[in-house]
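Here is what each chain is made of, one letter per residue.
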2 protein chains.
Amino acid sequence: MAVFSSAVLRSVLNLMPTQGSRSSCSLRWLRRFSAGPGPEPRSVRALLSGESDRYGGVTVRHLPGQISESTFSSMLRDSLSQWRSEGRIAVWLYVPLAQCRLAEAAAVHGFTFHHALGDTAVLSLWMGSGESRLPGYATHQVGVAGAVVNESSGKVLVVQDKNKTVNAWKFPGGLSNPGENIGATAVREVFEETGVRSDFRSLLSIRQQHNHPGAFGMSDMYLICRLSPLTHDISFCTQECLRCEWLDLVDLAKTKDTTPVTSRIAKLLLYGLEKGFDSIDLSMEEVPAVYTGLFYQIYHRKLPVEHK
Amino acid sequence: MAVFSSAVLRSVLNLMPTQGSRSSCSLRWLRRFSAGPGPEPRSVRALLSGESDRYGGVTVRHLPGQISESTFSSMLRDSLSQWRSEGRIAVWLYVPLAQCRLAEAAAVHGFTFHHALGDTAVLSLWMGSGESRLPGYATHQVGVAGAVVNESSGKVLVVQDKNKTVNAWKFPGGLSNPGENIGATAVREVFEETGVRSDFRSLLSIRQQHNHPGAFGMSDMYLICRLSPLTHDISFCTQECLRCEWLDLVDLAKTKDTTPVTSRIAKLLLYGLEKGFDSIDLSMEEVPAVYTGLFYQIYHRKLPVEHK
């Protein structure tokens, strides 16, 4: 338990940055009086301020500014003790990059990195019984490819990557930007790599791969969409592509100069050209979310109107 | 430029932990002689050791142990200067949690968090021209639900979540574990929540949602699978579920006590019961990956054998 004289308390209070209605560290003082006759020095514990959630967790979003590691470590220790006594089972600690040394102190108390991005790291600590039930962070990068099919010519737009060791024909594509919808990624990547403008038509296929090279040990979800061309002239990006062409789907389905996925999708597209794309498409709809009022996109086989 | 006397150099060399064939910091000495007559003190620059990649980046996987922030800052500054002169466009810095203070020093040189997990944070710095072309980290968590359909009775296994404000019927499901395949998640989650054992049959639908609540500002990919039951007795997990039942698909498709997604999938399943599940399924196949020899799973509409 950290013990402070009133002089120290006043100087700590003066050091605390305040941010309008949110103070970096609202100190909740627990006053304890020692037993015995006559006035005794008060002992107080400085605790971190955290928001509780309905899952039994507590989140500390703002750390005290200008605080030494040892003082922070004491505060954290006392806070953990308090939260444990309240039955809390998880603690989340938001640590700014500029105060990263405090993460070292947190590690001594059992915290580990949960995730980090930009100028903030989030550390977590499981205090419940048994195996940790903390929710994980994002595990997949999402890549989207666009198969731009010219239905009248039976050709599809393909590229050869510049930066790969094997020169294989593939559909243009790339990683989704944060917050970007699948179809938008496909249309954007096709345009950036080939100069061709296109419209989203359907989702064709998903490929899931774990320990994906270049995914920092995480997994990859690769979605292939069918697009229809709005323009046809190619002006490809020489930084990413070696070549770019409109290739006959029949040739793409046969050639060895491609990847297994691309070859498979070429065959799927040929089947679609033959039987109608309805036979291979997953159509997209926007639906409002229950809690947030935001919209999300859902993909599945087309349901006839009377069945919706 | 950091200048070291030979005595300091020897003591620094003694401090460097070595790990077999990989030293934490293999110092590459650049000897410069000042102009002028007679012997002059040598000036050397201590640089961090990094692995170069074909995209113009350099990765520092091991930091010197027992190093002060200021010494590290000087080394980093000199290393950046060297890498810039070599035309490198990106630097990746692996920082152990126990040495997190060094991340503060890196931040002064422009580094930010790229990602972090467990006891390691990775910081990145874009040194190329224009907007950063650094690849991002994982952006999606993946949740999978399993719709266990009893084809003979026309019923489907549903649960009511314990921890939500709205008590809605939903398919059992949850987040994929790292490295876990979609079908495996569905089967596992169904068993954990309901006690029912099942087999994967197909992928039915994907829902993408950004700024997903509980996803730490990231996105959510929610995949719904069709499973067939191997057992029927319910023994549900009271920690996660309030109720669990075999519900008539017709009733699930009509009720207001469910989510829009679940209602939609119930209608899709009714259509499948009527026309055959081939009309709604995306079947799964395992395909070998090009570069790694690992396998991945690909989902799309079933292709007749002669079209493969």
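What counts and how
Residues numbered from 1 in each chain as written. Chains lettered and ligands numbered in written order. Predicted model: local features only at pLDDT ≥ 70, side-chain atom pairs only at ≥ 80, totals over all residues. Heavy atoms only, no water. UniProt positions renumbered as here; feature names shortened; annotations may be inferred. Contact = heavy atoms within 4.5 Å. Buried area = accessible area lost by both parts, 1.4 Å probe. Salt bridge = Lys/Arg side-chain N within 4 Å of Asp/Glu carboxyl O. Polar contact = N/O pair within 3.5 Å; in protein donor to acceptor, adjacent residues only side chain to side chain. Pairing = 2+ DSSP bridges. Helix = DSSP H or I, 4+ residues; strand = E, 2+ residues; numbered from the N terminus. Buried < 20%, exposed > 50% of the residue type's maximum accessible area, 1.4 Å probe, protein only. Domains from an automatic or database assignment. Axes fitted to C-alpha atoms, helices over the stretch in contact; angles between N-to-C directions. Least-squares fit on C-alpha atoms with pLDDT ≥ 70 in both. Core = buried A, V, L, I, M, F, W, Y, C linked by side-chain atoms within 4.5 Å. Parallel < 35°, antiparallel > 145°, perpendicular 65-115°, else oblique. Left-handed = near helix turned anticlockwise from the far one by under 90°. Nonpolar A, V, L, I, M, F, W, Y, C, P; charged D, E, K, R; others polar. Phe/Tyr/Trp six-rings, centres within 6.5 Å; stacked < 30°, edge-to-face > 60°.

- The name given to chain A in an unreviewed UniProt entry is Nucleoside diphosphate-linked moiety X motif 6, and the organism recorded there is Pygocentrus nattereri.
- Recorded in UniProt for chain A, the comment headed Subunit (unreviewed entry) runs: "Monomer and homodimer."
- Of the comments in the UniProt record for chain A, the one headed Function (unreviewed entry) reads "May contribute to the regulation of cell proliferation."

**Looking at the interface of chain A and chain B**
And then number 1: Listed by partner, the interface residues are 86 residues for chain A and 86 residues for chain B.
And then number 2: Between chain A and chain B, a total of about 7800 Å² is buried, with carbon and sulfur atoms accounting for 64% of that surface.
And then number 3: By the criterion of area lost to chain B, the three top residues of chain A are F113(A), F216(A) and R264(A), representing 10% of everything that side buries.
And then number 4: For the pair chain A and chain B, the number of links is six salt bridges.
And then number 5: Between E69(B) and R101(A) there is a salt bridge whose closest N-O contact spans 2.6 Å.
And then number 6: Inspection of the chain A/chain B interface yields 33 residue pairs in polar contact (both at pLDDT 80 or more).
And then number 7: Where strand 16 (residues 295-300) of chain A and strand 12 (residues 198-209) of chain B come together, four bridges link them in antiparallel fashion. When the sheet's bridge partners are listed, Q297(A) is paired in strand 12 of chain B with Q208(B).

**A look at the side chain of S79(A)**
All names here are of chain A.
And then number 1: Position of S79 relative to the elements: it lies in helix 2 (residues 69-85).
And then number 2: On the basis of relative accessibility, which here comes to 1%, the residue S79 falls in the buried class.
And then number 3: Within the local environment of S79, its side chain forms a polar contact with the backbone oxygen of M75, the two atoms lying 2.6 Å apart.
And then number 4: Every residue in contact with S79, bar those within four places of it in the chain, is listed here: L47 and L48.

**A word on the domain arrangement of chain A**
And then number 1: With domains assigned, chain A is organised as domain 1 (51-126) and domain 2 (140-288).
And then number 2: Measuring from the centre of the C-alpha atoms in domain 1 of chain A to the corresponding centre in domain 2 of chain A gives 43 Å.

**Quick word on the sheet that holds strand 3 (residues 51-52) of chain A**
All names here are of chain A.
And then number 1: Sheet architecture is open: five strands sit in the order 3-4-5-7-6, paired in mixed fashion. At either margin of the open sheet sits one strand with a lone partner, and together these are strand 3 and strand 6 (112-117).
And then number 2: Pairing of strand 6 with strand 7 (residues 120-126), which is carried by five bridges, proceeds in the antiparallel orientation. Across the sheet, residue L117 finds its bridge partner in strand 7, namely T120.
And then number 3: The strands that helix 2 touches are strand 4 (57-60), strand 5 (90-96) and strand 7; relative to strand 5, the one it contacts most, it runs at about 155 degrees.

**Points about the relation of the copies chain A and chain B**
And then number 1: Expressed as a screw transformation, the operator carrying chain A onto chain B has a rotation angle of 180 degrees and an axial translation of 0.0 Å, and the superposed copies differ by an RMSD of 0.1 Å. Those values place the two copies in the arrangement expected of a two-fold rotation axis. Looking at the rotation axis and the C-alpha trace of chain A, the residue lying nearest is R101(A), at 2.1 Å.
And then number 2: Of the residues that chain A buries at the interface, 100% are likewise interface residues in chain B, meaning the two copies contact each other through the same surface.

**Describing the nonpolar core**
Note on soluble globular proteins: their nonpolar side chains tend to be buried together.
And then number 1: Counting 54 residues, the largest nonpolar core has L93(A), L123(A), L93(B) and L123(B) as the members making the most contacts within it.
And then number 2: Residues in contact with L123(A), not counting those within four places in the same chain, are V91(A), W92(A), L93(A), V95(A), A103(A), A106(A), F111(A), T112(A), F113(A), H114(A) and L97(B).

**Here's the deal with the pattern of salt bridges**
Residues and elements named next belong to chain A.
And then number 1: The tally for this structure, following the rule as stated, stands at 28 salt bridges over all chains.
And then number 2: Among the salt bridges present, the one from D220 reaches R207, with a minimum N-O distance of 2.9 Å. With D220 in strand 13 (residues 219-229) and R207 in strand 12 (residues 198-209), this pair connects stretches of sequence that are 13 residues apart. Residues D220 and R207 agree in their burial class; the two are buried.
And then number 3: What you see here is one network of salt bridges that share partners, running through E180, R188, E189 and E192.

**Considering the packing of helix 2 of chain A against helix 3 (residues 101-108) of chain A**
Residues and elements named next belong to chain A.
And then number 1: Relative orientation of the contacting elements helix 2 and helix 3 amounts to 40 degrees, with a least axis distance of 9 Å. Between helix 2 and helix 3, the crossing angle belongs to the class labelled oblique. The interaxial crossing formed by helix 2 with helix 3 has right-handed handedness. Seen from helix 2, the contacting residues are E69, F72, S73 and L76; seen from helix 3, they are R101, L102, E104, A105 and A106.
And then number 2: Class assignment for the residues of the contact of helix 2 with helix 3 results in five nonpolar, one polar and three charged.

**Section: the pairing of strand 7 (residues 120-126) of chain B**
And then number 1: Along strand 7 of chain B, six of the seven residues are buried, which leaves the element largely enclosed by surrounding structure.
And then number 2: Linking two consecutive strands that pair antiparallel, namely strand 6 (residues 112-117) of chain B and strand 7 of chain B, is a turn of two residues; a positive phi of about 65 degrees is found at G118(B) within it.

**Concerning the packing of aromatic side chains**
And then number 1: Under the counting rule described, the total for this entry stands at six aromatic pairs over all chains.
And then number 2: Their ring planes at 50 degrees and their centres at 5.2 Å tell us that W92(A) and F216(B) sit as a pair that is tilted. One end of the pair, W92(A), is in strand 5; the other, F216(B), is in the loop between strand 12 and strand 13 (219-229), on a second chain.
And then number 3: Judged by its relative accessible area of 7%, W92(A) is buried.
And then number 4: What makes F216(B) partly exposed here is its relative accessible area of 23%.
And then number 5: Considering the side-chain rings of F200(A) and Y299(A), the 6.3 Å spacing of their centres and the 80 degrees angle between planes classify their relative orientation as edge-to-face. Of this pair, F200(A) sits in strand 12 while Y299(A) sits in strand 16, and the two are 99 residues apart along the sequence.
And then number 6: Classification of Y299(A) as buried rests on a relative accessible area of 0%.

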